[in-house]
Amino acid sequence: MSHEIHQQNKQRIASLRAALYDGDVVTLLHQLQTIFAPNCQIHLTFPFKDLTGPDALFEQVYSPLLYAVPDLERRDFILMAGPANGENWVGCAGFYIGVFERPWLGIPPTQHIIAMRYHEFFRMEAGQVVEMQALWDIPQLMMQANAWPMTPSLGVEWLVPGPAPQDGILAGPYDPAKAEASVKLVHDMLTAMGRHPQQGGAEIMELERYWHPKMMWYGPAGIGTARRISGFRRCHQIPFLKAMPDRAVFMDQGVLFGDGNYVGFTAWPGMHMTISGDGWLGIAPCNQKITMRSLDFWRCENGQIRENWVLVDLLHVYNQVGVDVFSRMREVTFARQSPA
């Protein structure tokens, strides 16, 4: 297969990115209908349901968002593409920004600029999107609206930066050898990380081998950002594994693809586990089996992982254990809720 296909797929997505950068409703609908296959399967963050086709995506998702944020602007800081499992994928990460003027999903508007991180993956066939998987960090928007009703983050909540070298928009020729080396590094890291705690202590993960001493782990709102292995373990990994020691990644069903120093991973869902312990997100050890949607990007540097952008569908996790975050949010913001 010609490696030029990955550059072509990124170029194909460019017109959609441009339409969302401009926030033009008419152009956006046209681009969705042009780029997306009529029967495209669309998987979105909770509370959205699975959709089919570009019209449903526009009418049920983008149109309400544009009504709430009329000057919506899309800003990508990662654009990559590559092959996995005989398929071709494009991955994007960035922020939707704009002034939050009207309610959206029951979140009260702020009349100020907001930023909502997204990770979006597109499976391409013959120049069209045939599948979309997207996580939008809705809790981040709730926090900016002072409407987050759940536990505080252990990490830092801020505007997550793009790649340190500012090279996340990969436009050059596709380098298969470099991409394969990046994928191997991430795959080996995930394999080693999966050994703990079932096969040994924390040392069995060999974190110092795979992660740069100044690593940055950019988690979703509700978990936050951590720096260095010590910060990553304290703010995320230790609470996570304490609560769900049997967690496992759907590696055989997942999509791991590389482009230069960047690697993307997606699966829907990406993990399965049992909440058997305490300490994560304030969720009690309910022995509830859950699945988890997580869309990830890694940046490799000199044989180690230096940056990792992670979005987890935390709203979907809470929903699986019977917690209605949106109901709690409406109670927290009762005085600011608009009449139905």
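Residues numbered from 1 in each chain as written. Predicted model: local features only at pLDDT ≥ 70, side-chain atom pairs only at ≥ 80, totals over all residues. Heavy atoms only, no water.

Turning next to the side chain of Glu131. With respect to the element layout, Glu131 can be found in strand E6 (residues 128-136). For Glu131, the side chain forms a polar contact with the side chain of Gln133, separated by 2.8 Å. Glu131 has contacts with Cys40, Gln41, His43, Trp89, Phe121, Phe122 and Arg123, leaving out every residue within four places of it along the chain. (Helix = DSSP H or I, 4+ residues; strand = E, 2+ residues; numbered from the N terminus. Polar contact = N/O pair within 3.5 Å; in protein donor to acceptor, adjacent residues only side chain to side chain. Contact = heavy atoms within 4.5 Å.)

Turning to the layout of surface pockets, a few remarks are in order. As a volume, the largest pocket reaches approximately 530 Å³. Lining the largest pocket are 25 residues; nearest its centre among them are Leu190, Met193, Arg247, Val249 and Met271. Breaking the lining of the largest pocket down by element, the ones donating at least two residues are helix H5 (176-193), strand E7 (211-218), helix H7 (228-243), strand E9 (248-249), strand E14 (294-301) and strand E15 (304-312). Counting residues per element, the lining of the largest pocket draws most heavily on H7, which supplies five residues. (1 Å grid on protein atoms, 1.4 Å probe; cavity = no way out; pocket = protein on both sides within 12 Å on 5 of 7 lines; lining within 4 Å. Points joined across faces, edges and corners; volume = space filled by probe spheres on them.)

With omega at 15°, the peptide bond leading from Phe46 into Pro47 counts as cis. Looking at where Pro47 falls in the secondary structure, it is placed in the loop between strand E1 (36-44) and strand E2 (51-52). The step from Trp268 to Pro269 runs through a cis peptide bond, and the omega angle for that step is 5°. Secondary-structure assignment places Pro269 in the loop between strand E11 (262-266) and strand E12 (271-275). Positive phi outside glycine occurs at Asn85, with the angle close to 55°. Structurally, Asn85 can be placed in the loop between strand E3 (73-84) and strand E4 (87-99). The class of Asn85 is exposed, set by a relative accessible area of 59%. (Buried < 20%, exposed > 50% of the residue type's maximum accessible area, 1.4 Å probe, protein only.)

In the structure shown here, the tally under the stated rule is two cavities of 30 Å³ or more. Lining the largest cavity are Thr45, Leu135, Trp136, Asp137, Ile138, Pro139, Leu311, Val312, Asp313, Leu314 and Leu315. Sorting the residues of the lining of the largest cavity by element identifies E6, helix H4 (138-144), E15 and helix H8 (314-320) as the ones contributing at least two each. For the lining of the largest cavity, the class distribution of residues is eight nonpolar, one polar and two charged. Looking at the second largest cavity, its volume works out to about 40 Å³. Leu65, Ala68, Val69, Leu72, Tyr96, Phe100, Trp104, Ile114, Met116 and Leu141 are the residues that line the second largest cavity. Contributions of two or more residues to the lining of the second largest cavity are made by helix H3 (54-68) and strand E5 (113-125). Its residues placed into classes, the lining of the second largest cavity shows ten nonpolar, no polar and no charged. (Nonpolar A, V, L, I, M, F, W, Y, C, P; charged D, E, K, R; others polar.)

The final tally for this structure, using the stated rule, is 13 salt bridges. The closest approach of N and O atoms between Arg74 and Glu120, which form a salt bridge, is 2.9 Å. In this pair, Arg74 sits in strand E3 while Glu120 sits in strand E5, placing the two residues 46 residues apart along the sequence. With respect to burial, Arg74 and Glu120 carry one shared label: buried. A single salt-bridge network, built from bridges that share partners, covers Arg17, Arg74, Asp76 and Glu120. (Salt bridge = Lys/Arg side-chain N within 4 Å of Asp/Glu carboxyl O.)

Let's shift gears to the sheet that holds E2. Taken in spatial order, the six strands line up as E2-E1-E6-E5-E4-E3 in an open sheet, and their pairing is mixed. Lying at the two open borders of the sheet, with one neighbouring strand each, are E2 and E3. Its contacts with the sheet place helix H2 (residues 25-35) against E1 and E6, and it is angled at close to 105° to E1. H3 contacts E1, E2, E4, E5 and E6 of the sheet and is inclined by roughly 55° relative to E1. (Pairing = 2+ DSSP bridges. Axes fitted to C-alpha atoms, helices over the stretch in contact; angles between N-to-C directions.)

It is worth spelling out the sheet that holds E7 at this point. Sheet architecture is open: six strands sit in the order E8-E7-E15-E14-E11-E10, paired in mixed fashion. Bordering the open sheet on either side are strand E8 (225-227) and strand E10 (255-259), each of which pairs with just one other strand. Taking the axes of each pair of neighbouring strands and ignoring which way they run, one obtains an average angle of 15° across the sheet. Docked against the sheet, H5 engages E7, E10, E11, E14 and E15, running at close to 140° with respect to E10.

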